[in-house]
Amino acid sequence: VTSSVSSFQASPPPSSFGVWDRGDTFDPQEYSFLRGFSFNQRWADLERQPGVYDWSGLDRAVEKAVQSKMFLYLSLGVGPEAPTWIYTHGVPKVKTAGALEKHLLKWEYYPYYLAPEYKTYFQRLITEFGKHIRSYPRENQQRIAFIQIKTGCTGDEVPYKGEAIEKKYDLPKSSPEWLAFRLETFGLFVKIFL
């Protein structure tokens with residue numbers, strides 16, 4: 001698949017098939033059988049101030065993939081890993097009850113994904129992510145096997161762990177509103193990366 005700017009692979013290359021690591025702290029010399037590794041960037045660490053991005057972690061991960069001749073898959077930790085400044089810029093905090101026990105101490109709250117402000121900041125993040133990846137030389141871009149699209153908490157299909165305490169913020173994973181938000185996000189990624 002090609003775009004007017006440059007081509008970007010639409011599927012992982014066959015040479016990337018094999019064993020992958022879920023992190024990026026391994027020694028490539030010690031694990032020479034690995035084909036690739038993952039890099040997840042928390043939004044809160046990436047955009048500590050509105051519109052100011054720190055791509056250094058992503059840049060290091062891509063450079064490691066190039067130097068070790070391995071592949072990389074990328075993801076952005078969004079939802080509860082969003083920067084706290086969004087909550088002073090119009091995004092409601094959603095507290096939940098009945099969360100899975102393993103997540104009880106991980107996240108205190110989540111953003112309300114359907115808030116226009118959240119959508120604006122989230123879509124800006126995705127757009128800037130795409131611009132940054134497109135700024136890499138072609139050989140660096142070719143080391144990126146795929147991008148995992150996260151819309152809610154972790155890579156799950158759900159917006160929250162548990163149910164919203166304030167029912168006006170409830171978003172069951174089967175709701176048309178949540179599905180529309182996810183499809184809009186997928187469409188933006190397609191527009192930016194294909």
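Throughout what follows, the structure given in this document is the object of discussion.

Conventions we followed
Residues numbered from 1 in each chain as written. Predicted model: local features only at pLDDT ≥ 70, side-chain atom pairs only at ≥ 80, totals over all residues. Heavy atoms only, no water. Helix = DSSP H or I, 4+ residues; strand = E, 2+ residues; numbered from the N terminus. Buried < 20%, exposed > 50% of the residue type's maximum accessible area, 1.4 Å probe, protein only. Contact = heavy atoms within 4.5 Å. Areas by Shrake-Rupley, 256 points an atom, 1.4 Å probe, with all protein chains shown as cover. Core = buried A, V, L, I, M, F, W, Y, C linked by side-chain atoms within 4.5 Å. Pairing = 2+ DSSP bridges. Salt bridge = Lys/Arg side-chain N within 4 Å of Asp/Glu carboxyl O. Phe/Tyr/Trp six-rings, centres within 6.5 Å; stacked < 30°, edge-to-face > 60°. Lys NZ or Arg CZ within 6 Å of the ring centre and 35° of its normal.

**Remarks on the overall build of the protein**
- A count of helices and strands for the protein gives five helices and eight strands.
- Start at the N end of the protein and walk to the C end: the helices and strands fall as β-β-α-α-β-β-β-β-α-α-β-β-α.
- Scored against the burial criterion, the 194 residues of the protein give a buried share of 44%.
- Considering only contacts within the protein whose residues lie at least 6 apart along the sequence, 73% involve residues at least 24 apart.
- Carbon and sulfur atoms make up 52% of the accessible area of the protein, which amounts to about 10500 Å² in all.

**Focus: the nonpolar core**
- Ranked by size, the top nonpolar core spans 49 residues in total, and within it L74, Y118, F129 and Y160 carry the most contacts.
- Of all elements in the fold, only β2 (34-42), α1 (43-46), α2 (56-68), β3 (71-77), α3 (116-134), β7 (144-148) and α5 (176-193) reach the threshold of two or more residues within this core.
- Ranked by residues supplied to this core, first place goes to α3 with seven residues.
- Discounting chain neighbours no more than four positions away, the residues touching Y160 are V94, T96, Y110, P111, Y112, Y113, C153, Y169 and L171.

**A closer look at the side chain of T185**
- Among the structural elements, T185 can be located in helix α5.
- What makes T185 buried here is its relative accessible area of 4%.
- Here T185 is in contact with F122, I126, I149 and T151, once residues within four sequence places are set aside.

**Considering unusual backbone geometry**
- We note that K69 has phi near 55°; this positive angle belongs to a residue other than glycine.
- Here K69 lies in the loop between α2 and β3.
- Its relative accessible area of 67% is what places K69 among the exposed residues.

**Quick word on the pairing of β3**
- Counting buried residues in β3 gives seven out of seven residues, a clear majority hidden from the surface.
- The two faces of β3 match: F71, Y73, S75 and G77 on one face and L72, L74 and L76 on the other face are all buried.
- In terms of strand pairing, β3 meets β7 through four bridges, oriented parallel. From the neighbouring strand, L74 faces β7, where its bridge partner is I147.

**Digging into the pattern of salt bridges**
- For the coordinates displayed, the defined rule picks out seven salt bridges.
- In this structure, R42 engages D45 in a salt bridge whose closest nitrogen and oxygen atoms are separated by 3.1 Å.
- In this structure R42 comes out as partly exposed when scored by relative accessible area, which is 33%.
- One salt bridge in this structure joins K131 and E128, with 3.3 Å as the shortest N-O distance. Highlighted residues: K131 and E128, both in helix α3, separated by three residues, approximately one helical turn.
- Given a relative accessible area of 51%, K131 falls into the exposed group.

**Examining the packing of aromatic side chains**
- Across all of its chains, the model carries 20 aromatic pairs by this definition.
- On the numbers, 4.6 Å between centres and 10° between planes, the contact of Y73 with F146 is stacked. Placement of the pair is Y73 in strand β3 and F146 in strand β7, with a sequence separation of 73 residues.
- Members of the aromatic cluster, joined through ring pairs, are W43, W107, Y110, Y113, Y118, F122, Y160, W178 and F181.
- Sitting above the plane of the Y87 ring, K93 keeps its charged end 5.6 Å from the centroid.
- A cation sits over an aromatic face here: R143 above F71, 4.5 Å from the ring centre.

**Observations regarding the environment of E108**
- As for its position among the elements, E108 is in the loop between β5 (96-97) and β6 (110-111).
- Relative accessible area serves as the criterion here: at 64%, E108 is assigned to the exposed category.
- Along the sequence, E108 and V94 sit 14 residues apart, while their C-alpha atoms lie 8.8 Å from each other.

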